[in-house]
2 protein chains.
Amino acid sequence: MVLTLSGSGPLYQQVYRATREAILSGRLRAGDRLPVSRTLARDLAVSRNIVLIAYEQLIAEGYAVGRVGAGTYVAAVVPDSMIRVPSSGRAESEAKTVAAKLSDYGERLLSAPDSDAPIDNSRPRPRYDFAYYLASASDFPGDLWRRLLARRLRTLELDYSPVQGDAGLRAEIASYLRRSRAVDCQPDQILLVNGSQQALDLVARVLLDPGDSVVLEDPHYQGAGETFRSIGARIIPIPVDNSGLQVGRLPRSGRVRLAYVTPSHQFPTGAILPLDRRLALLSWAERRKAYILEDDYDGEYRYEGRPVEAVQALDRTGRVIYAGTFSRILFPSLRMGYVVMPPALAPALSRAKWIADRHTSFLQQAALADFMREGYLDRSVRRARVRNAARRQALLTALEKHFGGAVDVRGAAAGIHVLLHFPGIPASQTNSLIARAAKAGVGVYSAAPYYLKQPNRCELILGYGAMAERDIATGIRLLAAAIR
Amino acid sequence: MVLTLSGSGPLYQQVYRATREAILSGRLRAGDRLPVSRTLARDLAVSRNIVLIAYEQLIAEGYAVGRVGAGTYVAAVVPDSMIRVPSSGRAESEAKTVAAKLSDYGERLLSAPDSDAPIDNSRPRPRYDFAYYLASASDFPGDLWRRLLARRLRTLELDYSPVQGDAGLRAEIASYLRRSRAVDCQPDQILLVNGSQQALDLVARVLLDPGDSVVLEDPHYQGAGETFRSIGARIIPIPVDNSGLQVGRLPRSGRVRLAYVTPSHQFPTGAILPLDRRLALLSWAERRKAYILEDDYDGEYRYEGRPVEAVQALDRTGRVIYAGTFSRILFPSLRMGYVVMPPALAPALSRAKWIADRHTSFLQQAALADFMREGYLDRSVRRARVRNAARRQALLTALEKHFGGAVDVRGAAAGIHVLLHFPGIPASQTNSLIARAAKAGVGVYSAAPYYLKQPNRCELILGYGAMAERDIATGIRLLAAAIR
C-alpha cells in the first residue's frame, strides 16, 4: 500500500492522517492489517517511533485495533456506508458550500443590504479623515488605562461575573448618569452591554415580534434600522427637521411597540430635541403604550447651553429605555455601553443578556469602575469637552473662511460631528464630490445612506473628534479646493 | 413660592431640580415669573450665582425663558397636559413598574426556570469547592498576560475592528485547531465570539424558527437548553450512555434542524463518543439535512489515549459547526470563544454577530493573538494537562481510598470534572447529602438539574481543575465523612 505524506504538522500526524484517509476512502477495509510499522517507516523514510505513535492514535480513536503480537488492523466498527471516494481538498471545500437552510431571522439578515460599514476601515485612511465615529488617540489616557488594567490583573476574578455587570461599575454608571444627565436610575437598573449595538439588539429581541411596528427617525443610524428589520419589525420613518423628530407626525393609531430616538444630538443631523417635543414624545408613548429607546450616544458634548436633560429624566411611567456608550468618551473597540432599564423590563433584558453571552468581559469592567471611581472619567469628559470645543471652533472657522454662505452647517451645538448642506450642489453630485475630496486626501462622508427617504440635496457628515485643529483647517481648505 | 432643596449633587443642580419640579407639577405655570434670583438665593441660603446657573440651565432646556431686564419666566411651551401631580420618589418608582408587554421571545425568556446559575457565585465559596467550571488561578499566567496586554495597549487600535475577530487571532486559532484537534478549517471560517454561550445563541438565531426541532443530549449543559427554548425550539432529548449520545435513538423522521452535542467529553457525564457513533451521527445529519453543533468545551484535556478527532474533522459536507472556548484554558470571565463556521453559514453567522455587538472587545483579542503566536498557549495547555492529570490522579486515588466500591466514577478519561454515581444512595437523598457536605466545607453539585428525564440515582458532578491535590484529597475525605 502506498501512503503519501502531505500537509503540515508533526510527522506522526502526517502518517496518522494519511492512514486514516486510506481507511475512510476504502483503500484499507475493515479487518485489513495495517503495514508493519518497521516497513512503513522505511517506505516513508521516518523513524519507526513516528509510525507507532500514529498507530497508537488510530487505535485510540477507534480506526484501528491492536492485537498483541499480531500487528494492527483496521477496526470492524468503521461502517461501510461511511467510506467515501477520496476528494481533493478543493472538491471537499466545494462540497462544504451546500446552500444552507436558515431561520427566518437568518434569511432577513442576508436579505438586508450590507450597509454596516459606511466607512470601510479595511482600506487605508485618508490623511484628513472626518469619519464621524473615530475616537482621538491623543485624548485617550493610555498610560492610565494600562496602569488600571495592570492593577486589576493582579487580583483578577477569573470566574463568571454578574450578568448585569460588576456591581461597583454599575454604581459608578448610575451615579455618573444622575449627576451629568439627570437620569433617574439606581444601580440595579443598569445593564452593562457590549456597546450600544448590543443594547439595540437586546431591546429589539425582548420587545418586538415579527410584524411589530417601530418608529425611527429619518435619517438614522443604520445599525438601528438593520437590527429592527432583522427582527422582522415594520419600520415607520418619521422625518426630522432642525429641531429633531417631528413628533406631530407620530402615528396616532395602530400598535407601535417602540420609538428609537437620539434626542440629545440627532444622528446624523445633529438636531437637539427641545423640551416641548420631549414631553410630547413621552405623552405619545404613554397613549400608544409604546416604549422609547433613547440612544444618548454622545450626550457628553454640548457647546451651547448646558446639556439638555435626557427624555428618561422626564419619564414618570417607565416608558423610556436609556442607552449610552463609552465608545465616544473612551474608544469604540472597547465595546462597552450600558442600558438604564425601566424596572418592569429588567428581568427580561438581563435574561436576554445572559443568553446572549452570560456577561461582558470582566477585566475592562473592573478597570473602568476604577477609572470612574477615582474621578478620571469626569476629568476625561471635561478635558475632551474642551478639546472638542476647540476642534469644533477650528472646523466652524475653516468652513466660514473657505465656504462662507455656500454651506449650511447643522448640528454643531453638540456632539463631535456636523452635517453640511451645500445648497449650490445637487444631490446627484455628492458621490463625485466625495471622490474628488478623497483624491485630495480628505475623507468626508455622504449622509444619504442614513436616509430611508433620500434627501434632494447634497449632505455630508463630518466628524472632528479625532483630528488636530491644524488638520481640520487643512482638510477643509483642501475640501473647498476639491469642490471648486 | 417655597422651594425645598433635596437630593445630592452640586447646589445649582438642586436648585435647578427643585424649580423644574415646581414647573412640572404645576405649581409654577406657563408665563409665571420665576422668583428674583437675589430673593431666591437668600431664601435658600445659597449664593446668587448658584441660582443664576440653575436658571440658565432651565432656559437652555426650554423650561424657562429669560427676558432681558425683565427676569425669568416659565416657558409657554410646556404643555399643560404634561403637568402632573408631584409624586414622591417611592410612588414614582412604583409607577415605573407597570407590567411590560414583551415579545414572544421576551415571554419565553421569563417563563423558563431561572436555572442559569447551578452554582450561585454570589455566595461565599466552600473551602473545598469542586465546582466544575472553575479555572485555576495558580495555573493562569497572570504576569505574562499583563505584559502582553500592556504591550498591545501601547499601539491599541481604538477604532472598530473586524466583525469576525482580529485576522491574526483567527489565523492562530485555525492553526491551533488544525494542529491539536485535526479540525478542517481556514481562518476565514473562524468567528470570534464572547464565549461558547454566544456561539449557541448565534447558531440558534440563524438556524432555528419557533417550532423547529433540536436534538439535545440528555443530560446536557443547561445554557444550551435555555437558549434553544428561548428561540421557541422544540427539544428532542436523546439519552446518553457510557459511550455518549445513543445515536441509534436519533429521530428517523420529521424535520430536525440541529443536534447539539459534546462528543469529546459529554457534559456532564464525561462519556467520549466513539468513532462509529461519530460517523453515524454525521450520516444521520446528512440524511435529515440537520446541522450538528459540536461544543468542544474542554477537548484540550485527555488523559487516556490521544485526543479524539473532532466530529468536524470527519465531516465532508459542511454539516458541522464547531465551537470552542478559552474559558477552560485561560479563564471564564475573559468571555472569549470561537466558532468554526461551515462556509455556507459564514455570511449569516457573521452578520448575526455584527447585529449582536459588532465585534468582541479588541484589546484582549490582540493579547490572545500574541499569546498564541508566541507559543504560550501550547505551553499553557501542555502544563495544564500535566497539572490536571495530577489533580485527576489525586481525585481518583482519594475516591478509591475513601469510597472504594461504593462509588462509580464516570467521565474521568478527559476534561476536568467527573460524574460520581453512588449506587447505595437513593436519588431522593442527593440534596441532603450535598447540604451535609457543604456544612463540612465541601462544595459538590447535583447532576439532576442537567437532566430533562430525572435519573433514578444519586449523581454528583465534581470539578477538579482549580484545586490543589492536597485540597482534593482533604475534600474527598470530608465528603466521605459527611456521607457516612
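Preceding this paragraph is the structure being described.
Just so it is clear, the model here is predicted, and its values are computed rather than measured. (Residues numbered from 1 in each chain as written. Chains lettered and ligands numbered in written order. Predicted model: local features only at pLDDT ≥ 70, side-chain atom pairs only at ≥ 80, totals over all residues. Heavy atoms only, no water.)

Attention now goes to the packing of helix α5 (residues 104-111) of chain A against helix α12 (residues 346-357) of chain B. As a packed pair, α5(A) and α12(B) sit with axes 9 Å apart at the nearest point and diverge in direction by 85°. As the angle between them shows, α5(A) and α12(B) are arranged roughly perpendicular. Facing α5(A), whose interface residues are A:Tyr105, A:Leu109 and A:Leu110, α12(B) presents B:Pro347, B:Ala348, B:Arg351, B:Ala352 and B:Ile355. A per-class count over the contact of α5(A) with α12(B) returns 7 nonpolar, no polar and 1 charged. (Axes fitted to C-alpha atoms, helices over the stretch in contact; angles between N-to-C directions. Helix = DSSP H or I, 4+ residues; strand = E, 2+ residues; numbered from the N terminus. Parallel < 35°, antiparallel > 145°, perpendicular 65-115°, else oblique. Contact = heavy atoms within 4.5 Å. Nonpolar A, V, L, I, M, F, W, Y, C, P; charged D, E, K, R; others polar.)

The next thing to look at is helix α13 (residues 362-373) of chain A. Spanning 12 residues, α13(A) covers 16 Å between terminal C-alpha atoms, matching the ideal 16 Å at 1.5 Å per step. Most of α13(A) is tucked away: 11 of the 12 residues are buried. In this fold, the buried residues of α13(A) make contact with α6 (142-154), α7 (167-181), β4 (190-193) and α14 (376-402) of chain A together with α6 (142-154) and α13 (362-373) of chain B. (Expected span 1.5 Å × (residues − 1). Buried < 20%, exposed > 50% of the residue type's maximum accessible area, 1.4 Å probe, protein only.)

To continue, consider the interface of chain A and chain B. In this assembly, 121 residues from chain A lie in contact with 121 residues from chain B. The contact between chain A and chain B buries some 10,400 Å² in all, and 54% of this surface belongs to carbon and sulfur atoms. At the junction of chain A and chain B, the tally comes to 10 salt bridges. With a shortest N-O distance of 3.6 Å, A:Glu21 and B:Arg316 are connected by a salt bridge. Our count for the contact surface shared by chain A and chain B stands at 40 residue pairs in polar contact (both at pLDDT 80 or more). The greatest single-element share of the side of chain A that touches chain B, amounting to 8 residues, is contributed by helix α12 (residues 346-357) of chain A. Here the side of chain A that touches chain B is composed, by residue class, of 57 nonpolar, 26 polar and 38 charged. (Buried area = accessible area lost by both parts, 1.4 Å probe. Salt bridge = Lys/Arg side-chain N within 4 Å of Asp/Glu carboxyl O. Polar contact = N/O pair within 3.5 Å; in protein donor to acceptor, adjacent residues only side chain to side chain.)

Once that is clear, we can look at α13(B). Among the residues of α13(B), B:Phe362, B:Leu363, B:Gln364, B:Gln365, B:Ala366, B:Ala367, B:Leu368, B:Ala369, B:Asp370, B:Phe371 and B:Met372 are the ones counted as buried. Of the residues flanking the end of α13(B), it is B:Gly375, one or two places downstream, whose phi is positive at about 85°.

With that out of the way, let us pick up the environment of B:Ile321. Residues and elements named next belong to chain B. Mapped onto the elements, Ile321 comes out in strand β10 (residues 320-325). A relative accessible area of 0% places Ile321 in the buried class. Taking C-alpha positions, Ile321 is 7.2 Å from Tyr291, a pair spaced 30 residues apart along the chain. When neighbours within four sequence positions are excluded, Ile321 is seen to be in contact with Val203, Leu207, Tyr291, Ile292, Leu293, Glu294, Val339, Val340, Pro342 and Leu345.

For the pair of chain copies, the relating transformation is a rotation about an axis with a translation along it. Overlaying chain A on chain B yields an RMSD of 0.0 Å, the required transformation being a rotation through 180° with an accompanying axial translation of 0.0 Å. Read as a symmetry element, the transformation amounts to a two-fold axis. (Least-squares fit on C-alpha atoms with pLDDT ≥ 70 in both.)

All names here are of chain A. Locating Pro263 in the fold gives a position in the loop between β8 (256-261) and α10 (275-288). Pro263 gets classed as buried once you look at its relative accessible area, which sits at 2%. The sequence separation of Pro263 and Glu469 amounts to 206 residues, and the corresponding C-alpha distance is 28 Å. Excluding anything up to four places from it in sequence, Pro263 contacts Ala271, Ile272, Leu273, Arg278, Glu294 and Val311.

Before going further, it helps to examine the packing of helix α8 (residues 195-207) of chain A against helix α9 (residues 222-231) of chain A. All names here are of chain A. In contact at an axis separation of 10 Å, α8 and α9 are set at 30° when each is read in the N-to-C sense. Overall, the two elements α8 and α9 adopt an arrangement that is roughly parallel. Here α8 and α9 pass one another in a crossing that is right-handed. Between α8, through Gln197, Leu200, Asp201, Ala204 and Arg205, and α9, the contact on the second element is made entirely by Gly223, Ala224, Thr227, Phe228 and Ile231. Its residues assigned to classes, the contact of α8 with α9 shows 5 nonpolar, 3 polar and 2 charged. (Left-handed = near helix turned anticlockwise from the far one by under 90°.)

A few words on the nonpolar core. Among the nonpolar cores identified, the biggest contains 142 residues, and A:Trp145, A:Phe326, B:Trp145 and B:Phe326 are the most heavily contacted of them. Apart from residues no more than four positions distant in its own chain, B:Trp145 is found in contact with A:Leu153, B:Phe140, B:Leu330, B:Phe331, B:Leu334, B:Gln364, B:Ala367, B:Leu368 and B:Phe371. Counting 100 residues, the second-largest nonpolar core is a separate cluster that includes A:Ala224, A:Tyr451, B:Ile231 and B:Ala352. (Core = buried A, V, L, I, M, F, W, Y, C linked by side-chain atoms within 4.5 Å.)

Here the focus is the pattern of salt bridges. As enumerated under the stated definition, the model contains 50 salt bridges over all chains in all. We note a salt bridge from B:Arg205 to A:Asp201, for which the minimum N-O separation is 2.8 Å. Linking B:Arg205 in helix α8 (residues 195-207) with A:Asp201 in helix α8, this pair reaches from one chain into another. On the basis of relative accessible area, B:Arg205 is assigned to the buried category, the value being 4%. The partner of B:Glu374 in a salt bridge is B:Arg151, and the shortest N-O contact between them spans 2.6 Å. Of this pair, B:Glu374 sits in the loop between α13 and α14 (376-402) while B:Arg151 sits in helix α6, placing them 223 residues apart in sequence. Judged by relative accessible area, B:Glu374 falls into the partly exposed class, the value being 34%. With a relative accessible area of 37%, B:Arg151 lands in the partly exposed category. Each of A:Arg151, A:Arg152, A:Glu172, A:Asp370, A:Arg373 and A:Glu374 takes part in one network of salt bridges that share partners.

Read these as layout, nothing more, since geometry by itself doesn't imply function.
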